[in-house]
Amino acid sequence: MVRKSLWFYAVLLVALTLVAVAPVLAQGGPTVQVAEHPMYGKILVDADGMTLYIFTKDEPGVSNCYDECAQNWPPLLIGEGEMPTAGPGVPGTLGVITRKDGTRQVTYNDMPLYRFAKDTKPGDANGQGVRDVWFVVHPDAPKVEVSDQAVKNGTVTVARVVAFEPGWIVIHADKDGKPGPILGMTQVQSGENLNVVVSIDTTKATPRLHAMLHVDRGTMGTFEFPGGADVPVKVGGKVVNVPFNTAAVLPTTGGAFPVTYVLILLGGLALALGVGLRRLSVQA
């Protein structure tokens with residue numbers, strides 16, 4: 001009798017365990033995870049290791065890929081009532097949008113995610129750069145990293161730019177604590193860009209500058225903003241912009257002489273004057 005009771009509880013325990021883990025097993029791993037690609041470095045992949053892409057004709061939170069497009073580029077979908085999960089090393093925000101057909105598509109930092117029909121196995125990235133509108137996704141995109149620095153030879157350097165798509169890193173002057181007039185810009189590619197050098201107009205530079213990420217969606221290679229398609233990149237409705245300070249702006253074309261150099265010059269004049277007066281007093 002005791003042995004039968006033990007068997008009963010053992011079977012019940014196994015059944016309860018299977019019920020508890022069934023959703024995890026069915027999910028097959030995180031919805032979005034990071035993989036190391038031999039050509040593109042870190043990229044986002046789905047639960048099966050298949051490469052994920054963004055479509056530059058989409059907008060944040062809006063998919064514009066349907067019908068034949070969706071057949072070639074199947075959207076990354078999730079079931080009703082489910083929420084996407086992120087694997088280790090996925091720093092961005094996963095979300096869900098409802099498509100016109102009622103299905104639910106996963107987004108990454110507001111951009112809808114897709115697979116490519118011609119990718120047949122994990123590691124394939126045949127969709128990269130197709131028609132200049134489809135790109136693999138770096139897990140840090142979009143991001144700008146820049147440090148306080150002196151302006152050197154009329155340039156500033158943005159340490160790291162990670163972009164969903166080809167675009168521009170644009171340096172703005174400061175106006176009342178916000179980005180003001182544009183001082184210069186440099187093209188960046190999709191993915192990670194390191195030590196991006198930007199030539200700026202030092203005559204209009206302010207002690208505080210802004211490094212802002214823009215897209216390149218008009219005529220490729222031509223900066224079209226304002227009044228064009230090369231608008232700032234936004235995540236959660238906020239522009240990807242990082243302010244930084246310049247230690248000194250060296251005027252090469254008549255820019256304002258920095259306060260630091262004025263103080264150094266005045267200090268040197270005061271020292272020279274003191275030495276001169278001391279010599280005069282000794283001679284007297």
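Reading the values: rules and limits
Residues numbered from 1 in each chain as written. Predicted model: local features only at pLDDT ≥ 70, side-chain atom pairs only at ≥ 80, totals over all residues. Heavy atoms only, no water. Helix = DSSP H or I, 4+ residues; strand = E, 2+ residues; numbered from the N terminus. Buried < 20%, exposed > 50% of the residue type's maximum accessible area, 1.4 Å probe, protein only. Contact = heavy atoms within 4.5 Å. Core = buried A, V, L, I, M, F, W, Y, C linked by side-chain atoms within 4.5 Å. Pairing = 2+ DSSP bridges. Axes fitted to C-alpha atoms, helices over the stretch in contact; angles between N-to-C directions.

### Quick look at the environment of Ala163
No. 1: For Ala163, the location among the structural elements is in strand 10 (residues 155–163).
No. 2: Among the residues examined, Ala163 registers a relative accessible area of 4% and is labelled buried.
No. 3: Spatially, the C-alpha atom of Ala163 lies 8.1 Å from that of Asn193, the residues being 30 residues apart in sequence.
No. 4: Residues in contact with Ala163, not counting those within four places in the same chain, are Ala141, Gln189, Ser190, Gly191 and Leu213.

### Observations concerning the nonpolar core
No. 1: Membership of the largest hydrophobic core comes to 23 residues, with the highest contact counts inside it found for Val156, Val158, Ile169, Ile171, Ile200, Ala211 and Leu213.
No. 2: Only strand 10, strand 11 (167–175), strand 12 (178–188), strand 13 (191–199) and strand 14 (208–215) provide two or more residues apiece to this core.
No. 3: Not counting chain neighbours up to four residues away, the residues in contact with Val156 comprise Gln149, Val151, Ile171, Val196, Val197, Val198, Ile200, Leu209 and Phe244.
No. 4: Among the nonpolar cores identified, the runner-up in size contains 16 residues, and Val90, Leu94, Tyr108 and Met111 belong to it.

### Some remarks on the sheet that holds strand 14
Strand-to-strand pairing in sheets goes through backbone hydrogen bonds, with the strands running parallel or antiparallel.
No. 1: Spatially, 12-11-14-17 is the arrangement adopted by the four strands of the open sheet, whose pairing is antiparallel. If you trace the sheet from one side to the other, it starts and ends with strand 12 and strand 17 (241–245), each paired once. Adjacent strand axes in the sheet meet at a mean angle of 25 degrees, parallel and antiparallel pairs treated alike.
No. 2: Relative to strand 17, strand 14 runs antiparallel, the two being bridged by five bridges. Looking at strand 17, one finds that Ala211 is bridged to Val242.

### Focus: unusual backbone geometry
No. 1: Here the residue pair Ala141 and Pro142 is connected by a cis peptide bond, since its omega of -10 degrees sits within 30 degrees of zero.
No. 2: Positionally, Pro142 belongs in the loop between strand 8 (134–136) and strand 9 (143–145).
No. 3: Geometrically, the link from Phe225 to Pro226 is a cis peptide bond, its omega value of -5 degrees lying close to zero.
No. 4: With respect to the helices and strands, the residue Pro226 is situated in the loop between strand 14 and strand 15 (234–235).
No. 5: Even without glycine at this site, Asp132 takes up a positive phi of about 60 degrees.
No. 6: Of note, Asp132 is situated in the loop between strand 7 (111–112) and strand 8.
No. 7: Assessed through its relative accessible area of 53%, Asp132 is described here as exposed.
No. 8: Here the phi dihedral of Asn195 falls at roughly 50 degrees; this positive angle occurs in a residue that is not glycine.
No. 9: Mapped onto the elements of the fold, Asn195 is located in strand 13.

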